[in-house]
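# A look at the structure
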Amino acid sequence: MEALGVRNIVKQFPNVLANDKVTLSIEKGEIFALVGENGAGKSTLMKIVYGLYTPNSGEIYVFGKKEDIKTPQDSIKLKIGMVHQEFMLIPRFTVTQNIVLGDEPHKGFVFDYLRAISEVREISDKFGLKIDPTEKVENLPVGIQQRVEILKILRRGAEILIFDEPTAVLTPEETSELFKTLNALKQDGKTIIFISHKLNEVMEIADRIGVMRRGELQGIVNKSETNERELARMMVGRDVVLELPKANVKAGDEVFSVSNLNVKNTKGILGLKGVSFSVHAREIVGIAGVEGNGQAELVNAILGFLKPTSGKISINGKEIKLITPYNMRTRGMSYIPEDRKRRGLVLPFRARENIIMGQHTLYPFSNRGILNDKEIDAFATKKLQEFDVRPPDIYSKAESFSGGNQQKIILAKEMSLKHNFLLASQPTRGLDIGATEFVYKMLVEEKKKGIGILLISLELSEIMGLSDRILVLYNGEIVGEVTPEETTEEELGLMMLGLKRKERVQ
Amino acid sequence: MKEFFYRLFMNRRREKYWWINLLVPLVSIFLALIVGGIFIQSTGRNPFLAYRLLFNASGLIPGPYWRSSFAELLLSSSMFIATGLSFAIAAKGGLFSIGAEGQFYVGAVVAAFFGYSKPFAGLPSIIHIPIILIMVMLFGGFWGLIAGYLKAKRGIHEVIVTIMLNWIAFYLIQGWLVPTGGPMAAKVETGVSGTPYISPTAKLPIILSNTRLNISIFIMIAVSFLIWFLLYRTTFGYEARAMGHTAIYNMEAPKVSGVNTSKRIMQIMFLSGAVAALGGSFIVLGILSQFPPVFEGGYGFDGIAVALIGQNEPLGIFLSGILIGALRTGATSVQIARIPKTFPQIIEGLIVAFIALHELVRYLLLKLAKAKKSSVTEGSVE
Ligand SMILES: Nc1ncnc2c1ncn2[C@@H]1O[C@H](COP(=O)(O)OP(=O)(O)O)[C@@H](O)[C@H]1O
Ligand SMILES: [Mg+2]
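Residues numbered from 1 in each chain as written. Chains lettered and ligands numbered in written order. Predicted model: local features only at pLDDT ≥ 70, side-chain atom pairs only at ≥ 80, totals over all residues. Heavy atoms only, no water.

What follows covers the domain arrangement of chain A. Residue and element names in this part refer to chain A. Annotation of chain A at the domain level lists domain 1 (2-236), domain 2 (241-332 + 418-506) and domain 3 (348-417). Each of domain 1 and domain 2 was reduced to a C-alpha centroid, and the two centroids are 36 Å apart. Listed as interface residues are ten residues of domain 1 and, on the opposing side, nine residues of domain 2. On the domain 1 side of the interface with domain 2, the three residues burying the most area are Glu 37, Asn 38 and Glu 173, jointly 42% of the side's total. Applying the counting rule to domain 1 against domain 2 returns zero salt bridges. Across the domain 1-domain 2 interface, the total number found is two residue pairs in polar contact (both at pLDDT 80 or more). Counting residues per element, the side of domain 1 that touches domain 2 draws most heavily on helix α8 (residues 228-236), at four residues. (Domains from an automatic or database assignment. Contact = heavy atoms within 4.5 Å. Buried area = accessible area lost by both parts, 1.4 Å probe. Salt bridge = Lys/Arg side-chain N within 4 Å of Asp/Glu carboxyl O. Polar contact = N/O pair within 3.5 Å; in protein donor to acceptor, adjacent residues only side chain to side chain. Helix = DSSP H or I, 4+ residues; strand = E, 2+ residues; numbered from the N terminus.)

This is the structure:
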């Protein structure tokens, strides 16, 4: 039986055709995944189904009946629920208050909090979604907050549940919890639409997969009849190579090292405990770990934003006494920041202004403090072309580029700075598959050129695929040093959770 | 020169909807005049008469007595422009300085001191005036630097420090230096209260005969240009603007790129203080000829409004400084229409209020622009 049908949906935004005659049919009781690169139009399509956008043309069928969905209220009545990319919870409210908000049980005119709590207990038991109904939402981890969202739509009687990139904000453990929940909901006969651009997740959870590209539905495939490679090709429109052949080059001299580094974080807690390692030329050292286990402290200590309580940081064998970004950079460090918008770019600056940041004081971009626009323009034009930034308009503001292209601007800038050590902190965070591929190629290229790279990443596959050596960070300590050949993702996972140690023998 | 005009006009056009930056203040001014008119009407007076009186006496429109009101207009405008620029320099660099008031006082008192005291008082104008102006900017810059230092090295918010420095300047000057018996007060025998009068060689040269109009307006034209140049054509301005754009993010993007933000913060605050103090010197060197016992300030705070209306851009501030100068010059004449002379300040307040609403106005205008554009191009999208 068809739970949801969309026929020939067209949605035109001022600048883009976000949905181009999309036709889909989703069966009751299946998990249907919608994949596509950022900007492919997945969210738009689902927002149309949920009544947040009105399509320019096209029809929607819910359980066989043609429906005219104008507002989210309409879709809730039709038993459609949506968990958005950004949660819509009120942090100061309790779990119960959030769940019943908008549809509260009453005793006369009075809000019946006790009955609300027992209602929440009831559905949480029914679907096996454990939760404390009286806890404040602000005290809950993201994974549990998402559970509150799910309970909220279940309580409204949702039969069709839409999840827009639910895993983007989750840790790997939380993701597997969520997948258990999704499977349980499916057993219960619910229909689930799961949006993602991570192919391994889709291959794990979905029954059928719809692939979108530039607003068009490229096709629908059964999971059992496809693989990640084929999906990637459909998504991007060409072959994508994420598994790069390891450039097996011999590591050279040490370019960067930290020894016995102890760093207190902003809360005054020791976030990095006695960490020592070194990075050599022509080597990628990967730091694996669950977020919040010392990665931020490490990066901030290298930049000089946090002062180590003890320990040394050296570049090219020389200890840096006064650590500032300027001193690190003049001695040969480049840095791909984990947070593009905050650290990587000045968003209201144009591409041409961003691309020279850090070398703007050098000839020929400026001479005795006066900027040379001609040289800057020529340089920016060349770099945008070289890095295939789209649109290649040097006068566009950084904020107007998509995430992938913003990252390319950052790469263009950092790579053109003179360096022999690269600190790459989550360089593919939030990027779609095409841009991710670009970053991977870039890193391998750098390595071949003789740069030593410290790669900090939360993605295990990335660490495994690129690194020559892997260090596992857990609770501020390095609990393991392995090579990708001698380890497995499972073993790394155990070390990341602090369940196993494997230290190098000196 | 060609390059300069190209940069000034052509580059702007690369900005989508660049004209909004111009339109927002213009629309705000227009709305303020209308709302002000409604106020007058609702009290049973004639708004058209009021505006005619106001603008006829403002110095903006040629007419009888134009010469002198035009002179007064530019005279006060140059001070508004100075304090407006002072605020804007800091704002561009991501700093919210409200210290122009105190720096204006410092500038005025320093100008008076170097204007009357020996051995400077004996020098010819051509040497005397530059010495005064340099000392004024050094002291005013120092006053700003204190806030910059505390912000850069100690992380103390510049708003708090600049407010305190305003009061410190006020009490140091009005409570100690200038009153009778104070170190800078004129001798009792001379019968002068306040500081002694400055030497004639310290007076700014008059540029329009039979008026008080002096070179201060030329100085501000040059300063406005220099600040535009500094902000948009130099690495200093480039870094300052990057800091301003990322102030909400703790200036992290410029910092990780190696910009020494502490040093820049101090330089920006120095510059901001120096320019405000320059405005303070004009009132002594061009109008009062001394630091009087009771000093009517306010220029520093008005500078914030000027900067807001001018959108923190040097050219915009120059124009809005002229506008505020005009409103103040024409103020007294509205009394003929039985309207209090503070009325023009209500208009100023309204303009500022509408500018503060500019996000809304901007949003509406952009929506309008986009709606029009998409209706033109509909169907031509691939
Ligand atoms: N409210 C909107 N106004 C204008 N354009 C939009 C809007 N929402 C999305 N878009 C554009 O529509 C396209 C599809 O976006 P979206 O559906 O969010 O993609 P996805 O969820 O697949 O990443 C993108 O190019 C995006 O910039
Ligand atoms: Mg989306």
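Further notes follow.
Turning next to the site of ligand 1. All names here are of chain A. Every residue close to ligand 1 is listed here: Phe 13, Val 16, Ala 18, Glu 37, Asn 38, Gly 39, Ala 40, Gly 41, Lys 42, Ser 43, Thr 44 and Tyr 53. Gly 39 places a polar main-chain atom, nitrogen or oxygen, 2.7 Å from an oxygen atom of ligand 1. Its free accessible area being 560 Å², ligand 1 has 63% of it covered by the protein chains. Looking at the shell around ligand 1, the element that brings in the most residues is helix α1 (residues 42-50), giving three residues. Split by residue class, the shell around ligand 1 holds five nonpolar, five polar and two charged. (Near = heavy atom within 4 Å. Areas by Shrake-Rupley, 256 points an atom, 1.4 Å probe, with all protein chains shown as cover. Nonpolar A, V, L, I, M, F, W, Y, C, P; charged D, E, K, R; others polar.)

So, on to the pairing of strand β3 (residues 31-35) of chain A. All names here are of chain A. Among the five residues of β3, five are classified as buried, and the element is accordingly described as predominantly covered. Neither face of β3 is exposed, since Ile 31, Ala 33 and Val 35 on one face and Phe 32 and Leu 34 on the opposite face are all buried. Bridge analysis of β3 against strand β10 (residues 191-196) gives five bridges, and the strand direction is parallel. The residue bridging Phe 32 from the neighbouring strand is Ile 193, located in β10. (Buried < 20%, exposed > 50% of the residue type's maximum accessible area, 1.4 Å probe, protein only. Pairing = 2+ DSSP bridges.)

Moving on, we come to the side chain of Thr 94 of chain A. All names here are of chain A. For Thr 94, the position within the fold is in the loop between β6 (80-83) and α3 (95-100). Assessed through its relative accessible area of 10%, Thr 94 is described here as buried. In this structure Thr 94 touches Tyr 113, Pro 133, Thr 134, Glu 135, Lys 136 and Val 137, once residues within four positions along its chain are discounted.

The side chains of a regular strand alternate, first on one face of the sheet and then on the other. All names here are of chain A. Bridge analysis of strand β1 (residues 2-12) against strand β4 (residues 57-62) gives five bridges, and the strand direction is antiparallel. Residue Val 6 lies in a different strand from β4, and its bridge partner there is Ile 60. In this sheet, strand β5 (residues 65-67) lies alongside β4 in antiparallel orientation, the contact comprising three bridges. Looking at the pairing, Tyr 61 lines up with Lys 66 of β5. In this structure, the hairpin formed by β4 and β5 is closed by a connection of two residues, where Phe 63 is found at a positive phi of approximately 45°.

The next subject is the interface of chain B and chain A. The interface is formed by 26 residues belonging to chain B together with 33 residues belonging to chain A. Between chain B and chain A the total buried area reaches about 2900 Å² when both faces are included, carbon and sulfur atoms providing 57% of it. The residue Arg 241 of chain B makes a salt bridge to Glu 353 of chain A at a minimum N-O spacing of 3.2 Å. Taken together, the links from chain B to chain A amount to twelve residue pairs in polar contact (both at pLDDT 80 or more). Across the side of chain B that touches chain A, the residue classes tally to ten nonpolar, eight polar and eight charged.

What follows covers a nonpolar patch on the surface. Residues Ile 160, Met 164, Ile 168, Leu 172 and Trp 176 of chain B make up a contiguous nonpolar surface patch of roughly 500 Å² in combined accessible area. Following the sequence through the fold, Ile 160 of chain B ends up in helix α7 (residues 158-177). (Patch = residues over 30% accessible without salt bridge, like charges linked within 9 Å, V, L, I, M, F, W, Y side chains within 5 Å.)

All right, on to the nonpolar core then. Residue and element names in this part refer to chain B. Grouped together as the largest cluster of nonpolar side chains are 93 residues, with contacts concentrated most on Leu 285 and Phe 291. Ranked by residue count, the leading element in this core is helix α4 (residues 66-92), at twelve residues. Sequence-distant contacts of Leu 285, defined by excluding residues within four places in its chain, comprise Ala 111, Ile 132, Leu 133, Ile 198, Ala 202, Lys 203 and Leu 204. (Core = buried A, V, L, I, M, F, W, Y, C linked by side-chain atoms within 4.5 Å.)

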